[in-house]
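# Observations on the model geometry
For reference, the chains in residue letters:
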Amino acid sequence: ILLMPLIVVGIIVVIIYFAENSFTEMDDVTIAVISDDQSIVAVLDEVDETINILDDVNSEEEAQDLLGDEEIDGYLIADWEGDTLSASLTHTGDLDMHSQLIEQVLTNLQMVSRSQALGVSPEDAQTLNEPVLLESHIVSIDAGEIVEEDDLANVVALGGAYFINIMIMLFIMVYATTVIEEIAGEKGTRMMEVILSSTTATTHFFGKLIGVFLVMVVHVLFYVLVGLGVYTYFKDHDLVTQILSEVDVGGVLLNFLEYTWVFLLLGVLMYMFIAAFLGSLITKTEDISRAVSPLTMLVLLGFYIGLFAMSSPENIVVVISSFIPFLTPFVMPFRLATNTVSSLHVW
């Protein structure tokens, strides 16, 4: 249980790493190009080292035979129809990533041809295709004043809200089940009669909740130590130093956690009380799964509404859910991270 979140994070990091490598590192492929314009072959041959061109294929039937014998990965048919370059790429699926590059090269070749026909130099034609640089500025309104927000700080705050959301769900699902199992187990073995002969039901109830809560504190401290260790190891990494130079991560997180830790604490405690209540309703350990079901449905509902709040923090469903006690711990952190809720509403 203690290592499960770290294992999940590790798996996600590995998946992202291999996914990025698969998109950035394209395999070498061999294609046949059938065209009357040899400039097409020359341009494709120069554009990327991963694309090997066979220029001695003269017909589609010959290319199909080579593809059927798996001597090539695909073939391209390209010819001019007036000032329009028509092209067709046939392959078995290995050229999905290369097809975008081939399409871009052919588009540039068509643009150069049309610009020459219009008497425009290739250099001027490239300036016509230059994209517009659009700068995005996120602002918030504070007492009628426009306050510009830091994009990177918003990302850090949203990441913190996402982490809090996962932690709440993890703690509730793990420790609520523990509370229900212990209470149901004591009732099933008549251990409760022995316990209540020495103390009151109220003392026993709160003692059990405090014990579970202290276990959660140890759980959190373990993750804090792991986080400090990871930071110490990677603090000199270029990406980390760049982020720390552009935004005060500690200040952003402290400002974000000013209220969020309260929702985390109260949310977990509230669900622990509910779990204890559900556990007191059953007398056999076989009924634990049925007792957990209502709690699980509430937790999943809050978790998914919280994820929806990440992209639409001012949606009416999100706003209403942020004031429903069972859902507030999941939803309100995202509204805090996006600065779409006032301090009065938080209280």
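Below: a short report on this structure. (Residues numbered from 1 in each chain as written. Predicted model: local features only at pLDDT ≥ 70, side-chain atom pairs only at ≥ 80, totals over all residues. Heavy atoms only, no water.)

Helix and strand counts for the protein come out as 14 helices and 6 strands. Out of the 347 residues belonging to the protein, those deemed buried represent 32%. Sequence separation of at least 24 residues holds for 65% of the intrachain contacts in the protein that already meet a minimum separation of 6. For the protein, the computed accessible surface area is about 21,500 Å², with 62% contributed by carbon and sulfur atoms. (Helix = DSSP H or I, 4+ residues; strand = E, 2+ residues; numbered from the N terminus. Buried < 20%, exposed > 50% of the residue type's maximum accessible area, 1.4 Å probe, protein only. Contact = heavy atoms within 4.5 Å. Areas by Shrake-Rupley, 256 points an atom, 1.4 Å probe, with all protein chains shown as cover.)

Core analysis: the biggest nonpolar cluster contains 41 residues, and I172, I180, M272, L295 and F330 have the highest contact counts within it. It is helix 6 (residues 151–188) that provides the largest number of residues to this core, a total of 14 residues. Here L295 is in contact with I172, A176, Y271, I274, A275 and L278, once residues within four sequence places are set aside. Residues L44, A78, L85 and L106 belong to the second largest nonpolar core, which totals 17 residues. (Core = buried A, V, L, I, M, F, W, Y, C linked by side-chain atoms within 4.5 Å.)

Residues D56, E60, E61, E62, D65, D69, E70 and E71 make up a contiguous surface patch of negative charge. Assignment of secondary structure puts E70 in the loop between helix 3 (60–68) and strand 3 (74–81). (Patch = residues over 30% accessible without salt bridge, like charges linked within 9 Å, V, L, I, M, F, W, Y side chains within 5 Å. Salt bridge = Lys/Arg side-chain N within 4 Å of Asp/Glu carboxyl O. Lys, Arg positive; Asp, Glu negative; His and termini not counted. Charge placed at Lys NZ, Arg CZ, Asp CG, Glu CD.)

On to the packing of helix 11 (residues 288–311) against helix 13 (residues 328–337), then. Where helix 11 contacts helix 13, the two axes come as close as 8 Å, and the packing angle between them is 10°. Regarding the angle of helix 11 to helix 13, the classification is roughly parallel. Counting all contacts with helix 11, which are made through V299, G302, F303, I305, G306, L307, A309 and M310, the residues of helix 13 involved are F330, V331 and F334. Here the contact of helix 11 with helix 13 is composed, by residue class, of 9 nonpolar, 2 polar and no charged. (Axes fitted to C-alpha atoms, helices over the stretch in contact; angles between N-to-C directions. Parallel < 35°, antiparallel > 145°, perpendicular 65-115°, else oblique. Nonpolar A, V, L, I, M, F, W, Y, C, P; charged D, E, K, R; others polar.)

Relative to the assigned elements, P329 resides in helix 13. Residue P329 is classed as buried on the basis of its relative accessible area of 4%. When neighbours within four sequence positions are excluded, P329 is seen to be in contact with I168, F263, G267 and M270.

This part takes up the packing of aromatic side chains. Aromatic ring pairs are reported here in terms of the distance separating the ring centres and the angle at which the planes meet. The full count for this structure, using the stated rule, is 5 aromatic pairs. Put simply, the rings of Y271, F326 and F330 touch in pairs and so form one group of aromatic residues. (Phe/Tyr/Trp six-rings, centres within 6.5 Å; stacked < 30°, edge-to-face > 60°.)

This brings us to the sheet that holds strand 2 (residues 51–54). Reading across from one edge, 2-1-3-4 is the order of the 4 strands in this open sheet, with mixed pairing throughout. Strand pairing shows two members of the sheet lacking a second neighbour, strand 2 and strand 4 (84–91), which therefore form its edges. Strand after strand, the sheet turns through a mean of 30° between neighbouring axes, direction not considered. Here 4 bridges tie strand 1 (residues 29–34) to strand 2, and the two strands are oriented parallel to one another. (Pairing = 2+ DSSP bridges.)

Taking 1.5 Å per residue as the helical rise, helix 8 (residues 201–234) with its 34 residues ought to reach 50 Å, and the 50 Å between its terminal C-alpha atoms agrees with that figure. Inspection of helix 8 places H204, K208, L209, V212, M216, H219 and Y223 among the buried residues, and these make up the whole buried set. (Expected span 1.5 Å × (residues − 1).)

Empty space left among the atoms is revealed by rolling a probe the size of a water molecule over them. Tallied over the entire structure, the rule returns 1 cavity of 30 Å³ or more. Each pocket or cavity is described by its volume, and for the largest cavity that value is around 30 Å³. Together, I172, M173, A176, T177, V292, L295 and T296 line the largest cavity. Of all elements in the fold, only helix 6 and helix 11 reach the threshold of two or more residues within the lining of the largest cavity. Counting residues per element, the lining of the largest cavity draws most heavily on helix 6, which supplies 4 residues. In terms of residue class, the lining of the largest cavity is made up of 5 nonpolar, 2 polar and no charged. (1 Å grid on protein atoms, 1.4 Å probe; cavity = no way out; pocket = protein on both sides within 12 Å on 5 of 7 lines; lining within 4 Å. Points joined across faces, edges and corners; volume = space filled by probe spheres on them.)

Where strand 1 meets strand 3, 4 bridges bridge the pair, whose relative direction is parallel. For A32, the partnering residue across the bridge sits in strand 3 and is Y75. As paired elements, strand 3 and strand 4 share 8 bridges and run antiparallel to each other. Paired with W80 across the bridge in strand 4 is L85. Where strand 3 folds back onto strand 4 in an antiparallel hairpin, the turn is made up of 2 residues, including G82, whose phi is positive at roughly 75°.

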